[in-house]
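Structural description and commentary
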Amino acid sequence: MGSYLSDRWPQILSASWQHFSLVAQCLLLATVIAIFIAALCYRSKTLSGVANSVSAVGLTIPSFALLGLMIAPLGFGVAPAVVVLTFYCLLPILRNALVGLAGVDRSLIEAARGIGMSSMETFFKVELPMAWPVILAGMRVSAQMTMGVAAISAYVLGPGLGSFIFSGLSRLGGANSFESVVTAVVAVVVIALILDGLLLLLGRLTISRGIRA
Amino acid sequence: MPNSTADHNSSTGNKVAFNPSMTEITGATILLENVTKSYGAKKAAVNQLTLEIPAGKTVMFVGPSGCGKTTTLKMINRLIEPTSGRIVINGEDVTTMNGDELRRRIGYVIQAGGLLPHLTVGANVGLVPKMLKWDKQRIADRTDELLELVSLDPEIYRDRYPKELSGGQQQRVGVARALAADPPVLLMDEPFGAVDPITRQRLQEELIHVQAELHKTIVFVTHDFDEAVKLGDWIVIFNEGGKIEQYGTPEQILAHPANEFVEDFIGSGAGLKQLGLTRVRDVDIRQAPAFTVGEDAATAVAHMNEAGVLRAIVLDSRDRPIGWVTRRQLERMTTVGAAHARQFPVVSDSATLDDALDTMLVAGSSDAAVTGSRGAYQGIITVQTVIKAIDHISADPEEVSTPVGHNTGAIPKLATGENGVISYAMDEEETATEVENDSAPWAEHSDPAETHRGSERA
């Protein structure tokens, strides 16, 4: 195990970084899209309901199948991996964004309008900051969930630690096959913990002390 | 109505609009002109309301829930858009201007202050100046000035968050925020409804002090008639559908309720309520020796010997009373200190005699210190003074001309009064013919029997 690690350390590091970077970027993209969709939907009960059902159904789609289906339109490599990951990231964040925005006290919004904030200003300066802790919680769920999905993206030759797992499993019993799988699994867990820690830190920095629990 | 269109044009052409520094009065005259708000096909929440709010006065809207008082208030800053009619502020028609810009020029205070919990107290107060793009230093100076005005030490409270304040303090910040950009008009929607009675009394007194300094036009919605009597220069009593039952001074309404509805609304004990009309500052306040902490004790004793008194009041560095000390205690000190001072009741000079008497009786004291603006010591009031004053309360208030207020649909005329302050008047003849000639829908609604039907919105 020791020699396996020391022999392949650079590859492991670069694959880990790719894995991390893939998830982090998809998370960022998904957050922006989720907030945008939520902003369009949250004022209407019907639209919120539709968005909620779509995200519930979306989460039940097997990620392996979805990745496979993406090969036809997008080919192999980074593109299908990014699309699928962003899709899975999107769903929990969208749900939380809807819940968070709907949970902002109506009297606060009226106070903001009453002192002359436009509806745009009210959204960005009042509603979004108030909903932000809930949205961030959704981001943490998404980050954990897509860490695993990102490993599967090796199936479409996406970047990250998945290739170690797939190659290890395909020749299980062979030399270093077991080490390959274990290394990748441990690395994924470590990266997941690091990303979670970073999101926690982001919360510390961006959630106002006035609304922190 | 055709006759009066000419008047409108001249009034909008007369651009006095929102210029606060013309007289002492910084407030603006507001006119709701034949304003109706209806939701769908239901009976109108506010029906054909014409109401003048005089500049620099506090006008209280009272009435049962669902009477349209809050709707009326929110139509002034167009949080609720009127279905028909015009809103005129200082001669300027604001019915069609950008609503957000209008609201930045009108202070708005709601229950519990409506502070944004994720912003500090300072940031909350600075919200409107920031939207108006004031520079940073000016906003900071203004914020501190306003926190001082509402008796919150800026050093302590500027960087706190709303959740770290008590309900009363939050409400004060709410008032400071509304005043930030020095708006001529302040709208207050049941602002003191969510605080305990003692805090409410203090906040009411502070509002009176603030208003005595600033002379804003304040429109204040409440369901508490006693609060209306205490704070209002004028009171409008609404019935369902925004129908004005009576518009008058507290004295007028208490002495001569217009009809049975008003009588019921005032409730029993209207005579006793008149005690609530006289304020501490209107009666004789006695002077008693008072010394600031840190003053030379020997000089203080000499003063007391000269005046022939045995007790003196100790004040803190901001002139706020701390307690009593006796001459004996002072003789033992080198400088005046508060360590042995005995607590005693304190009333604001804007408190009503009712409140003052109550405070003294509860404290078991025959006198109380009187404080003025920002808690500064003024003198003392005794139980005897209050009792003497009660004898002098006049049963018949003097006649004052009431601002325009009715639901007939007739349009008032603009009359620019002294010092360029805008006011309105009804042309008596025109009013009469208007109502007669037109068999318009309002004729039916002005029937008193009609007003008992439900309207859905407050």
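Scoring rules and cut-offs
Residues numbered from 1 in each chain as written. Chains lettered and ligands numbered in written order. Predicted model: local features only at pLDDT ≥ 70, side-chain atom pairs only at ≥ 80, totals over all residues. Heavy atoms only, no water. UniProt positions renumbered as here; feature names shortened; annotations may be inferred. Helix = DSSP H or I, 4+ residues; strand = E, 2+ residues; numbered from the N terminus. Core = buried A, V, L, I, M, F, W, Y, C linked by side-chain atoms within 4.5 Å. Buried < 20%, exposed > 50% of the residue type's maximum accessible area, 1.4 Å probe, protein only. Contact = heavy atoms within 4.5 Å. Phe/Tyr/Trp six-rings, centres within 6.5 Å; stacked < 30°, edge-to-face > 60°. Lys NZ or Arg CZ within 6 Å of the ring centre and 35° of its normal. Patch = residues over 30% accessible without salt bridge, like charges linked within 9 Å, V, L, I, M, F, W, Y side chains within 5 Å. Areas by Shrake-Rupley, 256 points an atom, 1.4 Å probe, with all protein chains shown as cover. Salt bridge = Lys/Arg side-chain N within 4 Å of Asp/Glu carboxyl O. Domains from an automatic or database assignment. Buried area = accessible area lost by both parts, 1.4 Å probe.

Examining the UniProt feature "transmembrane region" (unreviewed entry) in chain A
All names here are of chain A.
- Feature annotation in UniProt places "transmembrane region" (unreviewed entry) on residues 20-42, 54-76, 82-104, 149-169 and 181-202, given in this structure's numbering.
- Helix makes up 96% of residues 20-42 and strand 0%, whereas the separation of the span's terminal C-alpha atoms amounts to 31 Å.
- In residues 82-104, helix accounts for 91% and strand for 0%; the two terminal C-alpha atoms are 32 Å from one another.

Description of the nonpolar core
- Core analysis: the largest hydrophobic core is formed by 53 residues, its most contacted members being A:Ile135 and A:Leu161.
- The element best represented in this core is helix H1 (residues 2-41) of chain A, accounting for 13 residues.
- Apart from residues no more than four positions distant in its own chain, A:Leu161 is found in contact with A:Ile12, A:Ala15, A:Ser16, A:His19, A:Ala184, A:Ala187, A:Val188 and A:Ile191.
- Membership of the second largest hydrophobic core comes to 41 residues, among which are B:Val62, B:Met188, B:Phe192 and B:Ile253.

A short note on the packing of aromatic side chains
- Applying the stated criterion to the full structure yields ten aromatic pairs over all chains.
- Aromatic side chains A:Phe123 and A:Phe124 sit 5.2 Å apart centroid to centroid with 85° between the ring planes, which places their arrangement in the edge-to-face category.
- Considering the side-chain rings of B:Phe225 and B:Phe265, the 6.1 Å spacing of their centres and the 90° angle between planes classify their relative orientation as edge-to-face. Linking B:Phe225 in helix H10 (residues 225-231) with B:Phe265 in helix H12 (residues 260-266), this pair joins segments that are 40 residues apart in sequence. With respect to class, B:Phe225 is no different from B:Phe265; both count as buried.
- Among the aromatic residues, ring-to-ring pairing joins A:Tyr42, A:Phe123 and A:Phe124 into one connected group.
- Across the ring face of B:Tyr39, the terminal group of B:Lys37 is positioned such that the distance to the ring centre comes to 5.1 Å.
- Over the ring of B:Trp134 we find B:Arg138; its NZ or CZ atom is 3.6 Å from the centre of that ring.

Regarding a nonpolar patch on the surface
Residues and elements named next belong to chain A.
- Residues Val 186, Val 190, Ile 194, Leu 198, Leu 201 and Leu 205 make up a contiguous nonpolar surface patch of about 560 Å² in total accessible area.
- Tracing the chain through its elements places Leu 198 in helix H8 (residues 177-206).
- When its relative accessible area of 42% is taken as the criterion, Leu 198 is described as partly exposed.

Let's talk about the UniProt feature "domain: ABC transmembrane type-1" (unreviewed entry) in chain A
- According to UniProt, the feature "domain: ABC transmembrane type-1" (unreviewed entry) maps to residues 16-199 of chain A in the numbering used here.
- Secondary structure across residues 16-199 of chain A divides into 84% helix and 0% strand, with the first and last C-alpha atoms of the span separated by 18 Å.

Considerations on unusual backbone geometry
All names here are of chain B.
- With a phi angle near 50°, Asn 34 is a residue other than glycine that sits in the positive phi range.
- Mapped onto the elements of the fold, Asn 34 is located in strand S1 (residues 30-37).
- The class for Asn 34 is buried, based on a relative accessible area of 13%.
- The phi torsion at Lys 133 lies on the positive side, around 65°, for a residue other than glycine.

Focus: the domain arrangement of chain B
Residues and elements named next belong to chain B.
- By domain assignment, chain B separates into domain 1 (2-275) and domain 2 (280-394).
- Taking only C-alpha atoms into account, the centre of domain 1 sits 34 Å from that of domain 2.
- The interface is formed by eleven residues belonging to domain 1 together with 17 residues belonging to domain 2.
- Of all residues in domain 1, the largest losses of buried area upon contact with domain 2 belong to Glu 205, His 209 and Leu 275, amounting jointly to 47% of the total for that side.
- Linking domain 1 with domain 2 are two salt bridges, by the criterion used here.
- Taking the shortest distance from any N to any O, the salt bridge between Glu 148 and Arg 318 comes out at 3.2 Å.

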